[in-house]
Amino acid sequence: MKKEETLEIVVLDSRPLDVGDLDWSELHALGHLTLYEHTAPEEVLARASAADVLLVNKVVLDRSIIEQLPKLKYIGLLASGYNNVDIACARERGIIVTNASGYGTMSVAQHTLALMLAACNEIPLHHESTHYGEWSSSWCYWKRPIVELAGKQLGVVGLGNIGYQVARMARALGMWVVAYHPDKAEVQRKGARWVSLDELFATSDVVSLHCPLTPETTKLVNAHRLSLMKPTAVLVNTARGALIDEAALFEALSNNRIKAAALDVLAQEPPPPGHPLLTLPNCIVTPHNAWSSHESRSRLLAIVADNLRSFIEGKPKNVVNA
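We now turn to the structure provided with this report. (Residues numbered from 1 in each chain as written. Predicted model: local features only at pLDDT ≥ 70, side-chain atom pairs only at ≥ 80, totals over all residues. Heavy atoms only, no water.)

## Re the overall build of the protein
A tally of helices and strands in the protein yields 12 helices and 12 strands. For the protein, the proportion of its 322 residues judged to be buried stands at 47%. Summed over its atoms, the accessible surface of the protein is roughly 15700 Å², and 55% of this surface lies on carbon and sulfur atoms. A distance of 6 Å separates the average location of the 30 positive side-chain charges in the protein from that of its 34 negative side-chain charges. (Helix = DSSP H or I, 4+ residues; strand = E, 2+ residues; numbered from the N terminus. Buried < 20%, exposed > 50% of the residue type's maximum accessible area, 1.4 Å probe, protein only. Areas by Shrake-Rupley, 256 points an atom, 1.4 Å probe, with all protein chains shown as cover. Lys, Arg positive; Asp, Glu negative; His and termini not counted. Charge placed at Lys NZ, Arg CZ, Asp CG, Glu CD.)

## As for the sheet that holds strand E5 (residues 96-98)
One open sheet accounts for 5 strands, arranged E2-E1-E3-E4-E5; its pairing is parallel. With one partner strand each, in any of the chains shown, strand E2 (31-35) and E5 form the two edges of the open sheet. The average undirected angle you get between the axes of adjacent strands in this sheet is 15 degrees. Each of strand E1 (7-11), strand E3 (53-56), strand E4 (74-77) and E5 touches helix H12 (residues 294-312); the most contacted strand, E4, lies at about 160 degrees to it. (Pairing = 2+ DSSP bridges. Axes fitted to C-alpha atoms, helices over the stretch in contact; angles between N-to-C directions. Contact = heavy atoms within 4.5 Å.)

## Overview of the pairing of strand E11 (residues 260-263)
Burial along E11 is two-sided: Ala 260 and Ala 262 facing one way and Ala 261 and Leu 263 facing the other are all buried. Two elements, strand E10 (residues 234-237) and E11, share 4 bridges in a ladder whose sense is parallel. For Val 234, the partnering residue across the bridge sits in E11 and is Ala 260. In this region the chain leaves E10, passes through helix H11 (residues 246-254) and returns to the parallel neighbour E11; the handedness of that crossover is right-handed. (Right-handed = clockwise from strand over helix to strand, strands pointing away.)

## Points about the state of the cysteines
Applying the stated rule across the entire model yields 0 disulfides. As a non-bridged cysteine, Cys 120 has Cys 283 as the owner of its nearest cysteine sulfur, 14 Å distant. Cys 211 forms no disulfide, and the closest cysteine sulfur to it belongs to Cys 283, at a distance of 18 Å. Overall, the relative accessible area of 10% leaves Cys 211 in the buried class. (Disulfide = S-S within 2.5 Å.)

## Considerations on the pattern of salt bridges
Evaluated as defined, the whole model comprises 20 salt bridges. Across the pair Glu 43 and Arg 47 runs a salt bridge, and its minimum N-O distance is 3.6 Å. For Arg 225, the salt bridge goes to Asp 198, with nearest N and O atoms at 3.2 Å. You can see Arg 225 sitting in helix H10 (residues 223-228) and its partner Asp 198 sitting in helix H9 (residues 197-203), a full 27 residues away along the chain. The exposure class of Arg 225 is buried, given its relative accessible area of 18%. In this structure, a network of salt bridges that share partners links the residues Glu 26, Asp 306, Arg 309 and Lys 317. (Salt bridge = Lys/Arg side-chain N within 4 Å of Asp/Glu carboxyl O.)

## Some details on helix H5 (residues 105-120)
Under the 1.5 Å per step criterion, the end-to-end length of H5 is 23 Å for 16 residues, consistent within 8% with the ideal 22 Å. Among the 16 residues that make up H5, 12 are buried, leaving the element largely enclosed by the rest of the structure. Among all positions of H5, only Thr 105, Ser 107, Val 108, Ala 109, His 111, Thr 112, Leu 113, Leu 115, Met 116, Ala 118, Ala 119 and Cys 120 are buried. (Expected span 1.5 Å × (residues − 1).)

## Brief notes about the nonpolar core
One finds Val 157, Phe 201, Leu 209, Leu 226, Leu 235 and Leu 249 to be the most contacted residues of the largest nonpolar core, which totals 29 residues. Elements represented by at least two residues in this core include exactly H9, strand E9 (206-209), H11 and E11. In terms of residues, this core owes the most to one element, H11, which gives 4 residues. The contacts of Leu 249, once residues within four sequence positions are left out, are Leu 226, Leu 235, Ile 244, Ile 258, Ala 261, Leu 263 and Leu 277. Of all hydrophobic cores here, the second largest spans 26 residues; its members include Leu 115, Ala 170, Ala 179 and Ala 260. (Core = buried A, V, L, I, M, F, W, Y, C linked by side-chain atoms within 4.5 Å.)

## Description of the packing of aromatic side chains
Tallied over the entire structure, the rule returns 3 aromatic pairs. Ring plane angle 85 degrees and centroid distance 6.4 Å describe the contact between Tyr 103 and Trp 291, whose orientation is recorded as edge-to-face. Highlighted residues: Tyr 103 in the loop between E5 and H5 and Trp 291 in the loop between strand E12 (283-285) and H12, separated in sequence by 188 residues. Since its relative accessible area comes to 18%, Trp 291 is described here as buried. Between the aromatic rings of Tyr 180 and Trp 194, the centroid separation amounts to 5.8 Å while the plane-to-plane angle is 45 degrees, which identifies the pairing as tilted. Residue Tyr 180 is located in strand E7 (residues 176-180), and its partner Trp 194 is located in strand E8 (residues 193-194); the two are separated by 14 residues in the primary sequence. Positioned above the aromatic ring of Trp 194, the side-chain terminus of Lys 184 is 4.2 Å from the ring centre. (Phe/Tyr/Trp six-rings, centres within 6.5 Å; stacked < 30°, edge-to-face > 60°. Lys NZ or Arg CZ within 6 Å of the ring centre and 35° of its normal.)

## With respect to the side chain of Thr 112
Topologically, Thr 112 is positioned in helix H5. On the basis of relative accessible area, Thr 112 is assigned to the buried category, the value being 0%. From its side chain, Thr 112 meets the backbone oxygen of Val 108 in a polar contact 2.8 Å long. Beyond its immediate sequence surroundings of up to four residues, Thr 112 is in contact with Val 166, Ser 208, His 210, Val 236 and Thr 238. (Polar contact = N/O pair within 3.5 Å; in protein donor to acceptor, adjacent residues only side chain to side chain.)

Right under this line is the structure:
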């Protein structure tokens, strides 16, 4: 990049990241910045046509779009995932594509622990019960058993950065940790015991998913693995919804084959009205917001700005289409 050029920087969907509480000044300093909160598919070409740089979260940039943007030099993802961008087409046209990762590790780990505790302590059920006035007629009661986690086993599927932090937090509660991860040596280095997937599901009191979604991991949690779980076990997912066969999970929860599920992600997002899992009292669902603390979003924006600055300086980093 020639540093004397004024870059036209267009953000097509800032709203998933920013609710009005973030500072975009670092990006303003790198060029002429135009922010759109949302961009509908039919608006993409018109808004992107003059851009040297496009920053996107969920907006789809497929081949039909990219090939009509001759000025475009750089695509920056306001996220770690990049399945909404045609990477091959960008590579063919010499367009650098970068992503951001690592920004939400502690926030997602914290949310995972919160879901685990909410399910094991039956917090949503008893919160609702007290608001309905049931506490007024009884000094102390519980509508479903509360589980003490000290001495219980956590099974972590995927012991990357987030999985490791969840394991660390769980140990502080007195839990034992086992893990399934492609690199057995990595599991040992991080202080956990490697087990097979089937052993993990069969022996764990809580199973927490932290692996990427790939063809191999799609519906990793299926009817077979759910059948291995203890009837008192809890399944937690803050990774990707499609890791779970949702029909099989609905069946297992409906028949109390496992105690509960606590999910921050679903296979289809946003979910359609009447999604079966949303009808179950033993399934806690949050709206894919584990990553969304102010601290996490601020780190994400800083990484995005640093990625673009590095590109301008001729030293691109976090490139996903090299």
